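Descriptive structure summary
For reference, the chains in residue letters:
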Amino acid sequence: MLAKGLALGVDNRQIQTAVLADPESDDPVVCPTDANELDAFREEFAGTTLWCGILLGGCGGQLLTRRGNIRVSHFAHFPDPEGLLPECGRRSRGVASADHLYVRAATQTWLRRQGHTPRYRYIDHDDVPVGSLVEIELDGRTLLLHMDPTTTPDWDAAQASDIILGPGVQVDYRTLVRRGYVNRIKFVSEGNQRVMMLGTELPMMGTDWDFELADCTIDEHGRLITPVVTRLKAARAAAERAPVPRPRSEKPEAPVQIGTLIRLINNAVQKEETTTVRELRDTAQLQAPRCEGQALKHLQHAIDHANDLLAEQDRVRRRLFASLDEAVRNGHVYKVTTLSPQVRRFLQGDPVTTPQEACILKAADTLLREARQQAAQKRRAADERRAAEAQEQQAQRVTQVQERKARNRARGQVQSITGRLRRETLSAQQQKHLVEELVLAAKEAGDHLSEAEQHKVNEWGKRITALEEPDTTEKTSPAVQPLRDAITGPVRLPDRLVPAVAAVRGALKKAARTRTATSWNRLEQQLGSALPTLTSNERVQVLVQVDRSTAGDEPLLSSLLAAGDPHFAYQYYRHVLTALGLDAPDNDEDLRDVVEADAEQVFTDWHFR
């Protein structure tokens, strides 16, 4: 029931981002937090629908904007026909939750100006939050953007020409030193938009953000080139062109060279830099014949130290590759998933592989790729099955909703006819015709009628049966004289309230066209000086005049006030109904049902007006 819990669609989940026009859209928008800015936002997007986007990790449901009086303004879910909010598993609702979608808006024009035709893909795996990875395909090259700190970058990914890190995504120092630099992106808010910034992180120097997107390019290898990268490459080229000093071969300097070599070996062994240790060990073995005495003893000790490390690394290497080979041959996908990253991390320190090791790695990649394809097929099958079930359930819900709406419309017709019979002076023939319509409407409404409403239907049936049909002249029923508006005070509305009637009627019509319930406080904020401060009785009088011209078979515009403010509905809306000669259920739950049905009919009637 609407009167319980979420009856009026009160969505306490603070959602700051949405997508435009379609649930699967990648066109994001941020909700203004300021109430005045929200009005301009609503006007700008008046003809566009807002959605809890699939690419945001949302439920795909339609959203509306909610003005914040205490909290900031935000998006909220539309309630379903029963007034309940949909279940939504969206984990992130802040302005940063749509940053992966702003990548396209920020880079598309920039890339096209460089002659590229970019295509964007937002990776969505079971173990990866939606939007964590964004792929930009550029004519056979791929830029891979890591947007989520929980997703570890695969620096050896063959399909990526360049890897760019988002906010909070870490890179270990060894990888940073090996690559020389890592490019990064972040987003900052400017008004209702998110603006992308590019930066380059260097070892021991942090990240430099002091340049714009227009200063950057994509090179022929599909890599992002920032001003920092340009300067770094220029410095490396200059260093390579500089003459390399050739060591002097005089024998007296040999002990100094050997001492330096020993220190380099010991430092490399301590840091477990396998490739460097192997190269230095080989150099030391070539220098050993030149040494003697203590120098030879210390050099040999360093060589032995290096050999111990290399032997241990070789044992670890053989064990890892043997375990990976066995897991691949037995088809143990979980073990391969665990071992493959370990092997690749190990290879970062000693990247040269044998043909047999290369075959093992290739077989592991093939097994994992096939496993991912099979998992994707299973997910698609499960998604199709769930979609079919959801479609069937939706069809059932639609049928139930249509039946309920038909009964509510019939109930509204019963209330309208009984109101006419009470307040209008009718001939016996006219009364009989209306009562026949009343009986048919009551039958269609069924158990949606309250006991009091069904009793009135029965009373009118008995009354018409008891009427004597005139032969030539018509006479009116003395029991159905129209009622006078006793609640609203004077028959003639005070002059100072006449402008308020027009202003309130206009505001309610606008709310009806936008399918929005309202309240008296909201009307005062919306209309300002056009709606003076009124007493409760004056509010009732104004609403009575607003709906005085409403046709007898149409719902009242003032039902939108009752739908948006339950306190007003229970305390004052009954007076409006009574003053207009309409039935007002005594039970609050029954009144809530009437209000819900009338408000829904108002939305339908005014949708195209």
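To keep things clear, this report deals only with the structure shown in the data block. Since the structure is predicted, the reported quantities are computational estimates derived from the model, not experimental observations.

It is worth spelling out the overall build of the protein chain at this point. Secondary structure summary: the protein chain contains 17 helices and 14 strands in total. Taking the intrachain contacts of the protein chain between residues at least 6 apart in sequence as the baseline, contacts between residues at least 24 apart amount to 59%.

Let us look at unusual backbone geometry. Phi angles above zero are rare outside glycine, and Ala21 is one such case at about 75°. Assignment of secondary structure puts Ala21 in the loop between β1 (17-20) and β2 (28-30). The backbone of Asp139 shows a phi angle near 55°, a positive value even though the residue is not glycine. Mapped onto the fold, Asp139 is located in the loop between β7 (133-138) and β8 (141-146). On the accessibility criterion, Asp139 (53% relative accessible area) is exposed.

Here we take up the pairing of β7. Most of β7 is tucked away: five of the six residues are buried. The pairing of strand β6 (residues 119-122) with β7 spans four bridges and is antiparallel. Across the sheet, Tyr122 pairs through a bridge with Val134, a residue of β7. When β7 meets β8, the two strands line up antiparallel, connected through six bridges. Paired with Glu135 across the strands is Leu144, a residue of β8. Counted between consecutive antiparallel strands, the loop separating β7 from β8 contains two residues, among which Asp139 sits at a positive phi close to 55°.

So, on to the packing of helix α9 (residues 355-423) against helix α10 (residues 428-445). Two elements in contact, α9 and α10, have axes whose closest approach is 8 Å; the angle formed by their N-to-C orientations is 155°. Taken together, the axes of α9 and α10 are roughly antiparallel relative to one another. The handedness of the crossing between α9 and α10 is left-handed. Between α9 and α10, the contacting residues are Ala406, Arg407, Ala410, Arg411, Gln413, Val414, Ile417, Thr418, Arg420 and Leu421 on the first element and Gln431, Leu434, Val435, Glu437, Leu438, Ala441, Ala442, Glu444 and Ala445 on the second. Taken together, the residues that form the contact of α9 with α10 break down as 11 nonpolar, three polar and five charged.

Ranked by size, the top nonpolar core spans 40 residues in total, and within it Val504, Leu508, Trp520, Leu531, Leu543, Leu560 and Tyr573 carry the most contacts. Elements with a minimum of two residues in this core: α12 (498-513), α13 (520-527), α14 (536-546), α15 (559-564), α16 (566-579) and α17 (588-606). With residues up to four places along the chain from it excluded, the contact list for Leu543 reads Val504, Leu508, Trp520, Ser558, Leu561, Phe568 and Val576. Among the nonpolar cores identified, the runner-up in size contains 33 residues, and Tyr120, Ile164, Tyr181 and Leu224 belong to it.

Where helix α7 (residues 293-330) contacts helix α8 (residues 333-347), the two axes come as close as 9 Å, and the packing angle between them is 150°. Here α7 lies roughly antiparallel to α8, going by the angle between them. The hand of the α7/α8 crossing is left-handed. Residue-level inspection shows Gln313, Val316, Arg317, Leu320, Phe321, Ser323, Leu324, Ala327 and Val328 of α7 in contact with α8, the latter providing Lys335, Val336, Leu339, Ser340, Gln342, Val343, Phe346 and Leu347. Here the contact of α7 with α8 is composed, by residue class, of 11 nonpolar, four polar and two charged.

Turning our eyes to something else, we now look at the sheet that holds strand β5 (residues 74-77). Hydrogen bonds between backbone groups are what pair the strands of a sheet, and the pairing can be parallel or antiparallel. On the basis of which strands lie adjacent, the open sheet formed by five strands has the order β2-β1-β3-β4-β5 and antiparallel pairing. With partners counted over all chains shown, the strands left at the sheet margins are β2 and β5, one partner each. Across two bridges, the pairing between strand β3 (residues 50-51) and strand β4 (residues 62-66) is antiparallel. Bridged to Trp51 within β4 is Gln62. This element, helix α1 (residues 35-44), spans β2, β3, β4 and β5 of the sheet and lies at about 140° to β4.

So, on to α10. Between its first and last C-alpha, α10 extends 25 Å over 18 residues, near the 26 Å set by a 1.5 Å rise per residue. For α10, the set of buried residues is Ala428, Gln431, Leu434, Val435, Leu438, Ala441, Ala442 and Ala445. Across the axial projection of α10, the buried residues extend over an arc of 135°, all falling on one side. In α10, those exposed residues whose orientation departs by more than 90 degrees from the buried face are Leu440 and Lys443. Of the surrounding elements, those touching the buried residues of α10 are α9 and α11 (451-466).

Looking now at α13. Those residues of α13 not exposed but buried are Trp520, Leu523 and Leu527. Along the long axis of α13, the arc covered by the buried residues comes to 55°, so they all point the same way. Residues of α13 that are buried sit in contact with α12, α14 and α15. Gly528, located one to two residues past α13, shows a positive phi value of around 60°.

This part is about the pattern of salt bridges. Applying the stated criterion across every chain yields a total of 21 salt bridges. Among the ionic pairs, Asp162 bridges to Arg179, the shortest N-O distance being 3.7 Å. One end of the pair, Asp162, is in strand β9 (residues 162-165); the other, Arg179, is in helix α3 (residues 173-179), and 17 residues separate them in sequence. For Asp162, a relative accessible area of 4% gives the class buried. Taking the shortest distance from any N to any O, the salt bridge between Arg539 and Glu524 comes out at 3.6 Å.

Once that is clear, we can look at the packing of aromatic side chains. Summed over the entire model, instances satisfying the criterion amount to two aromatic pairs. Here the aromatic rings of Phe41 and Phe45 are separated by 4.7 Å at their centres, their planes lie at 45°, and the arrangement is tilted. Phe45 carries the same exposure label as Phe41, and that label is buried. An aromatic cluster of three or more residues is present, and its members are Phe41, Phe45 and Phe75. Here Arg463 stacks its cationic end above the ring of Trp460, 4.3 Å away from the centre of that ring.

This paragraph deals with the environment of Thr207. Looking at the element boundaries, Thr207 is found in strand β12 (residues 206-208). A residue is classified by how much of its surface remains accessible, and Thr207, at 29% relative accessible area, is partly exposed. For the pair Thr207 and Arg184, spaced 23 residues apart in the sequence, the C-alpha separation amounts to 8.1 Å. Setting aside anything within four residues of it in sequence, one finds Thr207 in contact with Arg184, Gly199, Thr200 and Glu201.

Calculation rules
Residues numbered from 1 in each chain as written. Predicted model: local features only at pLDDT ≥ 70, side-chain atom pairs only at ≥ 80, totals over all residues. Heavy atoms only, no water. Helix = DSSP H or I, 4+ residues; strand = E, 2+ residues; numbered from the N terminus. Contact = heavy atoms within 4.5 Å. Buried < 20%, exposed > 50% of the residue type's maximum accessible area, 1.4 Å probe, protein only. Pairing = 2+ DSSP bridges. Axes fitted to C-alpha atoms, helices over the stretch in contact; angles between N-to-C directions. Parallel < 35°, antiparallel > 145°, perpendicular 65-115°, else oblique. Left-handed = near helix turned anticlockwise from the far one by under 90°. Nonpolar A, V, L, I, M, F, W, Y, C, P; charged D, E, K, R; others polar. Core = buried A, V, L, I, M, F, W, Y, C linked by side-chain atoms within 4.5 Å. Expected span 1.5 Å × (residues − 1). Arc of directions from axis to C-beta. Salt bridge = Lys/Arg side-chain N within 4 Å of Asp/Glu carboxyl O. Phe/Tyr/Trp six-rings, centres within 6.5 Å; stacked < 30°, edge-to-face > 60°. Lys NZ or Arg CZ within 6 Å of the ring centre and 35° of its normal.

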